[in-house]
Amino acid sequence: MLNLIKLETNKIFKPVVISLIITTLVTLGSLINVVYKYSVPNTFEFWNISLDYISMLFPVLVVCPICWVMYYERKNNFINYTFSRVSKKRYLFSKWLVCILGSFMIIFIPMLLSGMISFLFSNNVVQPKSYEPNFYTTLFMPDFLMNHTFLYIFFHCIWDGILAMIIGTMGFVFSLYLENILVILTAPFIYFILENFIMSTFGMPKQRLLSSFYINTMTDTNALNLLVGPILAILFIFIFLMYFKISKKKIYDI
Amino acid sequence: MKYLYKFKMTKILSKKLFFVWFVLIIFNLDNRINGSLTPLQFIVESLSNQYYIIYFMIPMFLLITISDLDEEDKYELIRSKTYWNYFKSKIYISCIYSIVFVLSQCLLIICMSVGLKGNGYHINLSQYEALQFYDGKFSNLIVPIIYIVSYMILGFIMMSLFIYTINHFFKKNTVVKIIIVTYLISFISIKINSSPLVSLLFLNTYIILHHGIIFGFSISINLLIELLFILLLCIVNKNYWNMSFDLNVEKLSINRYKKIFYDKCNINKYYTKKLFSKYNMLSIVFVLLIMCMWKFVSSNESLSLNQYIINVFSGTLIGEKNPLVILEMLVFNLMPIYLLSVFIEAESSFRTSYVNIRLKTSLRWFNSIISAAFSFLFIYTIINILVPILLGAILNLRYDASVYQLLLLIFVIKLLNLIFEFLILFSIYKISKNITVSFFSIISLNLIAMFPFKLIYYIPFGISSLYRYSFILNQYGRNYGLHLNHVIIELLTLNIIIFIYLKRTHKKLIVH
């Protein structure tokens, strides 16, 4: 099992690192863009506003470097040769494990980095006037945010990493069954966009997958909205799996 | 002969009737519980409910009649000796079926009306359109009920006979197309105030009595008109049944010209069939509907149709940084490009070398792909314009006369822009041999407009965004922006240059 995981890690190491660098550049770029444009009452707000672009792009950044492996292994029949040596379940499981770990890393590390760097700009913070209300009163767990800002960012990053894992799993499931590389690499992104517009058309903008990327769009009373988007995505994955099971598509084409 | 009738009856009486009853009950439940009508008023109101009839009853009837519309059975024809005898069985069926269809619903409504206690004096009749109409004409409401029911039955008989007649003269495909078009016309008819002659084309004129009184005749004359129509259909079937009206599409002159270009490329047909698949068209319509709905929901003003269409095609400003707006633009502009790139990936990565060997020259392959893609983009642009217009018609937005000019303009720019982006996609594909890379590079090229420089105004990616043009920006008091003529000239020249370049180097497109 460990050997399998090592093997898989070697396969996707380079593209994941490249994607990590790109993601870091995007997050840092948008952070610096925010710092010199906005005047906000807390360093946390810099970081929070700078998430706008990464929250849009993360399905692409997560899926592209990872999910091509399975497609090419199926296309050049490599996977059929593994069948006699490793059991199916183990092989696929180790692949999935590496996939979700990779997708977690791609989102987690750059976001945490930009969170750390945002503390450097505490000089640019503009203190709110006395008559203005405190910005954090409408946010999720305001006391925790004020007292342990870094821990708050850390947990935020973990949550976003979990979302990335779900999207990564979606891409992985597509790569198991579909035959068009473009569809595999872009389907999670397109799901993401369509879900975004459908939900907001039907008047549920707080339940989108996009808005569950920001923990602080929730208040203490409607924290459950955070879970709607991910659960819908998981349901979507399950429906796809069931569809492929019913239509009897095979991963191992023997 | 009896056997034939019975056989046909069992075919047509299906479970769909239960569904019709079920929806009828749900539709009238609210009026039954909360309304303060007398039983007779309730019956009149729910029998002439135009929304229920047009949006549900007529389509269900059409669906039931179409679903067992077969090619004429030779055995039945031989058995009945003459065509007229055979057609008689059809008349019999349509009579019985329309009577069952209407009377069962009428019975249900009568059952529902039992126990209504309103006395009918304290209600505001203005919210019941049909009731108001009949109340002014009759002192006793039982008379209009009889008229409504008989008019409806005759209307349905006429409709089914009409369908059987055109089924005799045309193929089933054409029949379905004709029916869909006529239904769509009547679907829109509620929203439009049309002249009496035009409203003869609408299906609902023959089914809903208070829509049918158009020439100012009395009701009995309307009934007579329907009877005359039925007689006419019968006469056509009795005397002219062996004439052939079937449009032979292949003999039309347009196709002759088409053959000159496409005769040798039968691969063309295959590609168009792949591109215009059901799945592709449905996904286009679905996404466009969602996006146009979203554009409508997100703007909270009372819009005119012109403003709504400008909103839909607004795209992005130069220097737009809001990611949601950029996403909208990308979805509108890149959806056909995405479908095309899926198509290219499927077609050109596995099969090109075989196809090229079969076709002998690669130029033919290139031409057929390009022509299929261009026609796809053409159809997409038309659908993209039609969807907001239809939505606007359903939502009853008012419009100015300048809307036609605007639409023409949008059509030209959009089509040219899409063709340009497709050609760029193709040329990047030529270099990189990887469709994913080329698609994402198209996305990133579209994102250049995020950075505000002066030169970027004429960058041809996303140039169909209306918010970049001076004639739109002038309305907001800004005197800069693109000029239409410049853009069209620019796009045309760029398209021609890239097309010639691709045609010269098309051999590199083939992936082995």
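The structure presented is a predicted model; accordingly, all values stated were derived computationally and were not measured.

Draft legend 1. Main features of the overall build of chain A. Helix and strand counts for chain A stand at 10 helices and zero strands. In sequence order, the secondary structure elements of chain A are arranged as α-α-α-α-α-α-α-α-α-α. Evaluated residue by residue, chain A yields a buried proportion of 53% over its 254 residues. Contacts spanning at least 24 positions in sequence make up 78% of the contacts within chain A whose residues lie at least 6 apart. About 12,500 Å² of surface is accessible on chain A, with carbon and sulfur atoms providing 69% of the total.

Draft legend 2. Representation of the packing of helix α19 (residues 403-432) of chain B against helix α22 (residues 484-504) of chain B within the structure. All names here are of chain B. Taken N-terminus to C-terminus, the directions of α19 and α22 make an angle of 30°; their axes are 10 Å apart at the nearest point. Comparing their axes, α22 and α19 come out roughly parallel. In this structure, α19 meets α22 at a crossing whose hand is left-handed. Residues Leu409, Val412, Ile413, Leu416, Asn417, Ile419, Phe420, Leu423, Ile424, Phe426, Ser427 and Lys430 of α19 pack against Leu484, Ile488, Leu491, Leu492, Leu494, Asn495, Ile498, Phe499, Tyr501 and Leu502 of α22.

Draft legend 3. Seen up close, the interface of chain A and chain B. The partner chain B presents 24 residues to the 27 residues of chain A that form the contact. Both faces combined, the contact of chain A with chain B buries some 2,200 Å², and carbon together with sulfur accounts for 80% of it. Among the residues chain A hides against chain B, the three largest losses belong to Leu182, Phe197 and Thr201 of chain A. Together they make up 28% of the total. For the pair chain A and chain B, the interface holds zero salt bridges. Between the two partners, chain A and chain B, sit two residue pairs in polar contact (both at pLDDT 80 or more). For the side of chain A that touches chain B, the element with the highest residue contribution is helix α9 (residues 181-201) of chain A, accounting for 14 residues.

Draft legend 4. Focus on the side chain of Ser341 of chain B. When you line up the elements, Ser341 of chain B lands in helix α16 (residues 323-350). From its side chain, Ser341 of chain B meets the backbone oxygen of Tyr338 of chain B in a polar contact 2.8 Å long. When residues no more than four places from it in sequence are discounted, the contact partners of Ser341 of chain B are Leu182 of chain A together with Leu425, Ile435 and Phe439 of chain B.

Draft legend 5. Spatial organisation of the pattern of salt bridges. All names here are of chain A. Within the structure shown, the criterion is met by five salt bridges over all chains. Linking Glu8 and Lys11 is a salt bridge whose minimum nitrogen-to-oxygen distance equals 3.2 Å. Placement of both Glu8 and Lys11 in helix α1 (residues 2-35) is noted, with a separation of three residues, approximately one turn of the helix. For Glu8, a relative accessible area of 3% corresponds to the buried category. Residue Lys11 is joined to Glu73 by a salt bridge in which the shortest nitrogen-to-oxygen separation is 2.5 Å. Highlighted residues: Lys11 in helix α1 and Glu73 in helix α4 (residues 68-75), separated in sequence by 62 residues. Owing to a relative accessible area of 26%, Lys11 belongs among the partly exposed residues under this scheme. What you see here is one network of salt bridges that share partners, running through Glu8, Lys11, Glu73 and Lys95.

Draft legend 6. Fine view of a nonpolar patch on the surface. All names here are of chain A. On the surface, Met105, Ile109, Leu113, Met116, Phe119 and Phe150 cluster together into a nonpolar patch covering about 460 Å² of accessible area. A per-element tally of the nonpolar patch places helix α6 (residues 88-118) first, with four residues. As for its position among the elements, Met116 is in helix α6. Judged by its relative accessible area of 42%, Met116 is partly exposed.

The rules behind each value
Residues numbered from 1 in each chain as written. Chains lettered and ligands numbered in written order. Predicted model: local features only at pLDDT ≥ 70, side-chain atom pairs only at ≥ 80, totals over all residues. Heavy atoms only, no water. Helix = DSSP H or I, 4+ residues; strand = E, 2+ residues; numbered from the N terminus. Buried < 20%, exposed > 50% of the residue type's maximum accessible area, 1.4 Å probe, protein only. Contact = heavy atoms within 4.5 Å. Areas by Shrake-Rupley, 256 points an atom, 1.4 Å probe, with all protein chains shown as cover. Axes fitted to C-alpha atoms, helices over the stretch in contact; angles between N-to-C directions. Parallel < 35°, antiparallel > 145°, perpendicular 65-115°, else oblique. Left-handed = near helix turned anticlockwise from the far one by under 90°. Buried area = accessible area lost by both parts, 1.4 Å probe. Salt bridge = Lys/Arg side-chain N within 4 Å of Asp/Glu carboxyl O. Polar contact = N/O pair within 3.5 Å; in protein donor to acceptor, adjacent residues only side chain to side chain. Patch = residues over 30% accessible without salt bridge, like charges linked within 9 Å, V, L, I, M, F, W, Y side chains within 5 Å.

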